Each structure stands twice: as C-alpha cells, then as structure tokens.
Amino acid sequence: MDILLILQNENKTKEKIIQTKMRKLLHLEDILSNMENKCRICMEKEVNRLFLPCKHLASCDECVVFLKFCHICRSTISTVVSVLYCADRDAVLHPPHISSLGYKL
Ligand SMILES: [Zn+2]
Ligand SMILES: [Zn+2]
C-alpha cells in the first residue's frame, strides 16, 4: 500500500477519535453548567425557592415575588419554600478525595 495513503487513513482515524472526545467534553460542560443551579429568571442568583405543590426549584428569593405560577410547569404556586444548601457548592462539585479526610481504609 502507498505510504501516503496509510498516513492519510491514520489521520482520519485520529480525527474521528478527537471529534468523539470533543463531543463528550461539550456534553460534560452542559451537565456542569446545569449543576450550577442558576435562577432561571434573572440567570444571576442561585435558586433557593421551591414551589409547592409542583416541587420545582427554579427561582431565587428576588424573582419569586413576581411569580404566581410556576414558570416551568405553569401550575399555581400555593406555597414557596426557602431552600438552604447543606454544603458549600464547590465542595459538592469538587469533593475532597477520601484519603484527605483521614479515614483508614
Ligand atoms: Zn432570580
Ligand atoms: Zn412547577
């Protein structure tokens, strides 16, 4: 086989691998940005208000005052629950490795 042809084929295979990896990275970025839990209305503050009865967590304390209906499912909001996060968000997204916590495995 012509050496040039072999090299071209090799390049094509590598290109495909890179493209697949790029796609996976973009997908992960999507997941991470969704985990940020920004308020869907102002897109600035962290969501901290839960609507009942639909249980959607999708607004911050500032935007919730303008809402009568859940903007995700359109159901009437009967109660607004204030949500507190139990841990620092960074600690949730980047938890320390178990070995750094001093546990003996
Ligand atoms: Zn907001
Ligand atoms: Zn809802």
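See the structure above.
Bear in mind the structure is a predicted one, so any value in this text is a computation, not a measurement.

1. Some thoughts on the overall build of the protein
Counting secondary structure elements, the protein contains 2 helices and 3 strands. Buried residues in the protein amount to 5% of all 105 residues. Put simply, 27% of the contacts in the protein that link residues at least 6 apart link residues at least 24 apart.

2. Side note on unusual backbone geometry
The omega angle of the peptide bond from leucine 52 to proline 53 is 10°, so this bond is cis rather than trans. In this structure, proline 53 sits in the loop between β1 (49-52) and β2 (57-59). Even without being glycine, lysine 55 reaches a positive phi, approximately 70°. Backbone geometry at arginine 74 places phi at a positive 70°, although glycine is not the residue there. Note on placement: arginine 74 falls in the loop between β2 and β3 (79-82). Using a count of 8 C-beta atoms within 10 Å as the deciding quantity, one classes arginine 74 as exposed.

3. Examining the sheet that holds β2
The strand order β2-β1-β3 describes an open sheet built from 3 strands, whose pairing is antiparallel. The strands lining the two open edges of the sheet, one partner per strand, are β2 and β3. Taken pair by pair, the neighbouring strands of this sheet meet at an average axis angle of 45°, ignoring direction. Pairing geometry for β1 and β3, over 4 bridges, is antiparallel. Counterpart to arginine 49 in the pairing with β3 is serine 82.

4. Things to note about the pairing of β1
Only one face of β1 is buried: it carries Arg49 and Phe51, and the other face, with Leu50 and Leu52, is open. In this sheet, β2 lies alongside β1 in antiparallel orientation, the contact comprising 2 bridges. Paired with leucine 50 across the two strands is leucine 57, which belongs to β2. Counted along the chain from β1 to the antiparallel partner β2, the turn is 4 residues long, and its residue lysine 55 has a positive phi close to 70°.

5. Regarding the environment of isoleucine 72
As for its placement among the helices and strands, isoleucine 72 is situated in the loop between β2 and β3. A count of 13 C-beta atoms within 10 Å places isoleucine 72 in the partly exposed class. Note: C-alpha distance between isoleucine 72 and alanine 58 (14 residues apart in sequence) is 7.9 Å.

Calculation notes
- Residues numbered from 1 in each chain as written.
- Chains lettered and ligands numbered in written order.
- Predicted model: local features only at pLDDT ≥ 70, side-chain atom pairs only at ≥ 80, totals over all residues.
- Helix = DSSP H or I, 4+ residues; strand = E, 2+ residues; numbered from the N terminus.
- Buried ≥ 20, exposed ≤ 12 C-beta atoms within 10 Å, placed from the backbone.
- Contact = placed C-beta atoms within 7 Å.
- Pairing = 2+ DSSP bridges.
- Axes fitted to C-alpha atoms, helices over the stretch in contact; angles between N-to-C directions.

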